[in-house]
Every structure is written in structure tokens, then in C-alpha cells.
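# A look at the structure
Read off the chains here:
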Amino acid sequence: MRRRTNGVFIMTAAAAVVAAAIVANPGPVQALDAPACVVGYTVDQWSGGFVAQVKVTNNGAPVDGWALTWTFAGDQRVTSGWSADVTQSGKVVTARNQAFNRAIGTGASVQFGFQGTFQGTNDAPVDFALNGVRCNDTNPPTTTTTTTTTTTTTTTPQQPPGCPSGAFCDGFENQTGTTPAGDWSPVFPNCQGAGTATVDTSTVHSGSRSIRINGRAGYCNHVFLATSRGTGGSGLHARFYVRHTTALPEAHVTFAAMKDTADGGKDLRMGGQNRALQWNRESDDATLPEQSPNGVALSTPLPVDRWTCVEFGITGSELRTWVDGTEVQGLRVDGTPTQDVDSQWLRRSGWRPALSDFRIGWESYGNGDDTLWFDDIVLASSRVGCS
């Protein structure tokens, strides 16, 4: 016998403000903001199973690309979803936009649903967050101390060094636990195995947090964290710091990937082969540089046991790569075929990627365990540089 339970939960988020007001009587003042978003969460459940319908209304600035996260209190497991890509890691669930509903204008709404199973009780989530902003916090975020002039200030998460205006920048300082959340969703291509992604406080490039990837060899052990922030369209410039413990192997591995919607949704992958950095196009396995001795010699290894600044820029059909501020000759596509570099890449004409996400992690197709840390990521429309 089926039982229907409906619940609507109001999500509120406080916008960061700096305001000054002249008051007649001194005393503490607190300011409340209107809800930045409203979520309707409706459940139709039966013994051991349920379907949830979720409606998100945006009352803040327009959103281009979104991720709604929450944590199940019980033993709920998502089995399928629609109108969003719904993934689960432990008790943490992330619903990400699809191509048709990535934009939410001010006052507009999106809806999606998912089906799941549960044991025991099926309590509703209470910690929704939209694009990393905790949405069910109804308390005022700041306290105003007043004499004759009252100034309200807020503390924002530390931005990575060299964060330009309009870019997506993340040093992971807003992560509050060991399981990544907010703008980043754990994903396990193909199948989930021994690879893990956690928030780390022991090894950082700046600030107090980084992302640690325990990369394991073998097909089922792929693990990544994905974000759609800062991506979209045919151009992307990225800068991130990476530190790892094991030299790149002979076999093909990947530590950064992006879904290319102009290439059938296949991945554009950055990683290594023959002990040197390389790009790999999943759709046809084309590599950059070519895996000849001369081609590999035009690339460079990824240094171990130290933080390395890695940059790349994709503009139209051009791809460029820098390591610690120096361009790598063998990791460039410029439209003119160069032997041992991009001749193989350019055999297929019309390559012009449209990237819909950015992922950090580890993917190995043979031997190749590695432990990696990522920090101070910037996704922008032009080159950022190392700081």
C-alpha cells in the first residue's frame, strides 16, 4: 500500500553586504535578507521506495549552470533521475543541470525528479545548498554593532591567488567537511571502486584546505570531482595547482577532463603517457603530442612532491598549455599540422570544443596508482597566470 508524504521546504541564503546607517539610539542591529531561493520537495513513497519531485525557484541573480546538493539523514539511495544529472556519494547527493535547463533567471524555476530506495525512515533533507550557498540558514549572517554609525560586514571565503573579476575561483576554503560538496560533485565514470576524493587540511597550496585524490589503477577505480561553474561555450582558460606522489607512468592516465558537447559528449582529457604530460581526445584516442620519441620529448613530466602550476587555454580550435608559467611546445594545437605534435590531432577537421564541465581526479587504464592534491583553481575567459 502506498503512502504519500508532501513537504515544502523554504531555502534562504544571505547575500554579502556592506552597509552604513546613522541611528538615533545606539544598540545592536541585525539585518535579514529575503530568501535567495525556494525549494519545493514532494515525496510519493511506498514500502522501501519513493519518488521525489524537486522545484527550485531562484529569487537572486540569474544563474548559468547550477548544482543543488543535500545530505540524506537515513539509508536512502538514488536509483535514477530525470531533468537533472543526480549522483550520490555516501549520503551526499548532487543534482546538476542538464543542457536545456542550465539557466535560471531571477524569479524563474526549474524542476527535476528522482527515484530511490530507503530502509527505516525516509526523512526529508534539511541542508540544501545551491551552487555552494547554504540555503536553509534562516539566521542573519552578520551582526551589526552600532554607536552613532553602524557598519555591517561579512567574511567571504578566501579566494585563490590571482582570481580575476568574473572568473570562477575556488581554493576549497568554503568546504566544511571531508566530503566535497557545493560547486563540486563526486563522479565515478563507468563504475565505482577504490578511488576517493576528500577535502584535506594537511597538504595545501594556500589557505587551509585542498582536494585529495586517492587514485587507484584499474578501470573501475576512476574518481573525479566535477563542476559546471565557469564553463560553457567554445572558450575556456584554466589554472590549477597540483601535487602528486608518483611519477606519470608509461600507461595512459588522466587527472583532468571536460565533457565536449561538440564531440558527442566525449571527454577532452589531460593527463600523461610515456611518463610525460599529454592531451587525449576520447572520441578517437588522438593524443597531443604524438606518442613518438620526438613528440614525447617535446612535452614534459609532471614534477612530483611539489606544487606545480598547470594552465591551459582553449580558444576556438586553438589549445595551449603552460607548466609553471612556461608554455609546453608539444602541448599546442594551432591549426597548422606539426609533425610529432598535432598532426594526428588535426587529421580530423573541424575540431572546436564546447565544454560543459571541468573535472579533477584520476583515471588509469592499467598500472598507475597515484595520490594527488588540487588547490587554487581558476576557470576564466582569458589566461590567468601563476601567482
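Residues numbered from 1 in each chain as written. Predicted model: local features only at pLDDT ≥ 70, side-chain atom pairs only at ≥ 80, totals over all residues. Heavy atoms only, no water.

### Some remarks on the overall build of the protein
- From N to C terminus, the protein includes 1 helix and 30 strands.
- Looking at the protein residue by residue over its 387 residues, the buried ones come to 48%.
- Across the protein, contacts joining residues at least 24 apart in sequence account for 70% of those joining residues at least 6 apart.
- Summed over all atoms, the accessible surface of the protein reaches about 17,000 Å², with 49% contributed by carbon and sulfur. (Helix = DSSP H or I, 4+ residues; strand = E, 2+ residues; numbered from the N terminus. Buried < 20%, exposed > 50% of the residue type's maximum accessible area, 1.4 Å probe, protein only. Contact = heavy atoms within 4.5 Å. Areas by Shrake-Rupley, 256 points an atom, 1.4 Å probe, with all protein chains shown as cover.)

### Observations concerning the environment of Gly207
- Within the secondary structure layout, Gly207 lies in the loop between β18 (196-200) and β19 (210-215).
- Taking the C-alpha atoms as reference points, Gly207 and Gly171, separated by 36 residues in sequence, lie 7.3 Å from one another.

### Some details on the environment of Thr117
- Take Thr117: it is sitting in strand β11 (residues 109-117).
- Note on Thr117: relative accessible area 34%, which makes it partly exposed.
- Sequence separation between Thr117 and Val51 is 66 residues; the distance between their C-alpha atoms is 8.8 Å.
- Dropping the residues within four chain positions of it, Thr117 is found in contact with Gly48, Gly49, Phe50, Asp75, Gln76, Arg77 and Thr79.

### Structural notes on the environment of Tyr241
- Among the structural elements, Tyr241 can be located in strand β21 (residues 235-244).
- It is 4.6 Å that separates the C-alpha atoms of Tyr241 and Cys309, two residues lying 68 residues apart in sequence.
- Setting aside anything within four residues of it in sequence, one finds Tyr241 in contact with His205, Trp307, Thr308, Cys309, Trp373, Phe374, Asp375, Asp376, Cys386 and Ser387.

### Some thoughts on the sheet that holds strand β22 (residues 253-260)
- Across the sheet, which stays open at both edges, the 7 strands sit in the order β17-β20-β29-β22-β23-β24-β25 with antiparallel pairing between neighbours. Whereas interior strands pair on both sides, the edge strands pair on one side only; in this sheet they are β17 (185-187) and β25 (286-288). Going across the sheet, the axis of each strand differs from the next one's by a mean of 25 degrees, ignoring polarity.
- Across 3 bridges, the pairing between β17 and strand β20 (residues 223-227) is antiparallel. Paired with Val187 across the bridge in β20 is Phe224. (Pairing = 2+ DSSP bridges. Axes fitted to C-alpha atoms, helices over the stretch in contact; angles between N-to-C directions.)

### Here we look at the side chain of Ser206
- Mapped onto the secondary structure, Ser206 falls in the loop between β18 and β19.
- Note on Ser206: relative accessible area 16%, which makes it buried.
- Of note is the side chain of Ser206, whose polar atom sits 2.7 Å from the side chain of Asp376. (Polar contact = N/O pair within 3.5 Å; in protein donor to acceptor, adjacent residues only side chain to side chain.)

### Considering the pattern of salt bridges
- Inspection of every chain in the model, using the stated rule, returns 15 salt bridges.
- Across the salt bridge formed by Asp324 and Arg306, the nearest N and O atoms sit 3.0 Å from each other. Residue Asp324 is located in the loop between β27 (318-323) and β28 (326-327), and its partner Arg306 is located in the loop between α1 (293-297) and β26 (308-315); the two are separated by 18 residues in the primary sequence.
- For Asp324, a relative accessible area of 36% corresponds to the partly exposed category.
- With relative accessibility at 36%, the residue Arg306 sits in the partly exposed group.
- In this structure, Arg320 and Glu327 form a salt bridge, with 2.8 Å as the shortest nitrogen-oxygen distance.
- In this structure Arg320 comes out as partly exposed when scored by relative accessible area, which is 24%.
- Taken together, the salt bridges that share partners define one network made up of Asp263, Arg281, Asp284 and Arg348. (Salt bridge = Lys/Arg side-chain N within 4 Å of Asp/Glu carboxyl O.)

### Some thoughts on the packing of aromatic side chains
- Scanning all chains against the criterion turns up 18 aromatic pairs.
- Each ring, one from Phe240 and one from Phe358, has its centre 6.2 Å from the other, and the planes form 50 degrees; the classification is tilted. Here the residue Phe240 occupies a position in strand β21, and Phe358 occupies one in strand β29 (residues 358-364), the gap between them amounting to 118 residues. Take Phe240 and Phe358: they sit in the same class, and that class is buried.
- Arranged with centres 5.1 Å apart and planes meeting at 90 degrees, the rings of Trp279 and Phe312 form a pair that is edge-to-face. Placement of Trp279 in strand β24 (residues 276-281) and of Phe312 in strand β26 is noted, with a sequence separation of 33 residues between them.
- Residue class for Trp279 comes out buried when judged on its relative accessible area of 0%.
- Pairwise contacts between aromatic rings join Tyr41, Phe50, Trp66, Trp70, Phe72, Phe112, Phe114, Phe118 and Phe128 into one cluster.
- The cationic tip of Arg383 hangs over the ring face of Trp322; the distance from NZ or CZ to the ring centre is 4.2 Å. (Phe/Tyr/Trp six-rings, centres within 6.5 Å; stacked < 30°, edge-to-face > 60°. Lys NZ or Arg CZ within 6 Å of the ring centre and 35° of its normal.)

### Observations regarding unusual backbone geometry
- Residue Leu288 is joined to Pro289 through a cis peptide bond whose omega torsion reads 0 degrees.
- With respect to the helices and strands, the residue Pro289 is situated in the loop between β25 and α1.
- Although it is not a glycine, Asn274 adopts a positive phi angle of roughly 55 degrees.
- Relative to the elements of secondary structure, Asn274 occurs in the loop between β23 (266-273) and β24.
- Judged by relative accessible area, Asn274 falls into the partly exposed class, the value being 27%.
- At Asp285, a position not held by glycine, the phi torsion is positive, near 65 degrees.
- You can see Asp285 is positioned in the loop between β24 and β25.

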